[in-house]
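Examination of the molecular architecture
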Amino acid sequence: MVAWTAGCTGIGFGDMHYADGNLQVTVENPAEAVNGTVQVTVFEIRDFKQTEVTKIARSENLSAGTTTLTFPMDLSPGDYKIYLYFMKGNERTVSVIKDIQV
């Protein structure tokens, strides 16, 4: 399932999975290459509470087409909400929330 969001970049976050201490996220860029910041914020869901586990933000040059980004992190078995953002300058152009189970 690909989650497309409105924004001037046309970028969408697609499939995501966690294995061997890495969160891998597929990014679809239907336009020309673009520089920006990708931010991943991970929240653990337990006992009807959401607790931030980690936040990673880094600069990325996304080529046209499909790119897989890898974010090293240590997640224990459980349920998580992943907040994904793409920012161009100071403007957040894409934001998606996804659920995963580890």
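What you are looking at is a predicted structure, and each value in this text was computed from that prediction instead of being measured.

A closer look at the overall build of the protein
- Counting secondary structure elements, the protein contains 0 helices and 8 strands.
- Seen in sequence order, the protein has helices and strands lined up from the N terminus as β-β-β-β-β-β-β-β.
- On C-alpha atoms alone, the protein measures out to a radius of gyration of 13 Å, which is about the 13 Å that the 2.2 N^0.38 rule sets for 102 residues.
- Structurally, the protein occupies a C-alpha span of about 40 × 25 × 25 Å along its principal axes.
- Classification of the 102 residues of the protein by burial places 41% in the buried group.
- Of the accessible surface of the protein, which amounts to about 5,900 Å², a share of 46% is contributed by carbon and sulfur atoms.
- Averaged over its 8 positive side-chain charges, the protein has a centre that lies 6 Å from the centre of its 12 negative ones.

Details of the sheet that holds strand 4 (residues 34–46)
- Spatially, the 4 strands line up as an open sheet ordered 5-4-7-8, and their pairing is antiparallel. Sheet topology places strand 5 (49–62) and strand 8 (91–101) at the edges, where each strand pairs with a single neighbour. Averaged over all adjacent pairs, the angle separating strand axes in this sheet is 15°, with direction ignored.
- In this sheet, strand 7 (residues 79–88) lies alongside strand 4 in antiparallel orientation, the contact comprising 9 bridges. Across the sheet, the residue bridging to valine 38 is phenylalanine 86, located in strand 7.

Here we look at the pattern of salt bridges
- Applying the stated criterion to the full structure yields 3 salt bridges.
- Between glutamate 60 and arginine 58 there is a salt bridge, with the nearest N and O atoms lying 2.4 Å from each other.
- The class of glutamate 60 is buried, set by a relative accessible area of 15%.
- Across the pair aspartate 99 and lysine 81 runs a salt bridge whose closest N-O atoms are separated by 2.6 Å. One end of the pair, aspartate 99, is in strand 8; the other, lysine 81, is in strand 7, with 18 residues separating them in the sequence.

What counts and what doesn't
Residues numbered from 1 in each chain as written. Predicted model: local features only at pLDDT ≥ 70, side-chain atom pairs only at ≥ 80, totals over all residues. Heavy atoms only, no water. Helix = DSSP H or I, 4+ residues; strand = E, 2+ residues; numbered from the N terminus. Rg over C-alpha atoms; globule rule 2.2 N^0.38 Å. Buried < 20%, exposed > 50% of the residue type's maximum accessible area, 1.4 Å probe, protein only. Areas by Shrake-Rupley, 256 points an atom, 1.4 Å probe, with all protein chains shown as cover. Lys, Arg positive; Asp, Glu negative; His and termini not counted. Charge placed at Lys NZ, Arg CZ, Asp CG, Glu CD. Pairing = 2+ DSSP bridges. Axes fitted to C-alpha atoms, helices over the stretch in contact; angles between N-to-C directions. Salt bridge = Lys/Arg side-chain N within 4 Å of Asp/Glu carboxyl O.

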